Amino acid sequence: GEDTVFNLGLDEANYTKMELCQEIKKQIPELNIFEAQIGQDPDKRDYIVSNEKLRKAGYTAKITVAEGITELLKAYQIVHTGEYFNV
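Residues numbered from 1 in each chain as written. Predicted model: local features only at pLDDT ≥ 70, side-chain atom pairs only at ≥ 80, totals over all residues. Heavy atoms only, no water.

Caption draft 1: Expanded view of the overall build of the protein chain. Scanning the protein chain from terminus to terminus reveals 3 helices and 0 strands. In sequence order, the secondary structure elements of the protein chain are arranged as α-α-α. Going through the 87 residues of the protein chain one by one, you find that 7% of them count as buried. Of the contacts formed within the protein chain by residues at least 6 apart in sequence, a portion of 80% connects residues at least 24 apart. (Helix = DSSP H or I, 4+ residues; strand = E, 2+ residues; numbered from the N terminus. Buried < 20%, exposed > 50% of the residue type's maximum accessible area, 1.4 Å probe, protein only. Contact = heavy atoms within 4.5 Å.)

So, in structure tokens, the structure goes:
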């Protein structure tokens, strides 16, 4: 059969990278965010995408972006304080 490709996302969580940084800063107030005009960001994925196809297929996310950030921070704390972690 034909492969079907979906953008996996949530319309209300369709943030730019800076907006996502601001969401993280809500949970880590001491986070410093810098915008550099020098050089080029190799990750150019800073645009809005459509999730309409996914929505029509019946997908709905079970957690919010804020909840996802909380979970990632918990995981980082566990990994960082454990025996194995990347520096």
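Caption draft 2: Region of the structure containing the layout of surface pockets. In this structure, the second largest pocket occupies an estimated 320 Å³ of space. The wall of the second largest pocket is formed by 13 residues, among which K17, F34, E35, A36 and D41 lie closest to the centre. Each residue belonging to the lining of the second largest pocket can be placed in one class, and the counts come to 6 nonpolar, 3 polar and 4 charged. (1 Å grid on protein atoms, 1.4 Å probe; cavity = no way out; pocket = protein on both sides within 12 Å on 5 of 7 lines; lining within 4 Å. Points joined across faces, edges and corners; volume = space filled by probe spheres on them. Nonpolar A, V, L, I, M, F, W, Y, C, P; charged D, E, K, R; others polar.)

Caption draft 3: Spatial organisation of the pattern of salt bridges. This structure, assessed with the given rule, holds 2 salt bridges. For E23, the salt bridge is made with K26, and the minimal N-O distance between the two is 2.8 Å. Residue E23 and its partner K26 are located together in helix α1 (residues 17-27), separated by 3 residues, close to a single helical turn. K26 sits in the exposed class, given a relative accessible area of 61%. Among the salt bridges present, the one from K74 reaches E71, with a minimum N-O distance of 3.6 Å. In this pair, K74 and E71 are both assigned in helix α3 (residues 65-81), 3 residues apart and thus about one turn of the helix distant. The exposure class assigned to E71 is partly exposed, which follows from its relative accessible area of 44%. (Salt bridge = Lys/Arg side-chain N within 4 Å of Asp/Glu carboxyl O.)

Caption draft 4: Highlighting the environment of T64. The topology assignment puts T64 in the loop between α2 (52-56) and α3. A relative accessible area of 44% means that T64 is categorised as partly exposed. Each C-alpha atom of the pair T64 and A13 lies 7.7 Å from the other, and the pair is 51 residues apart in sequence.

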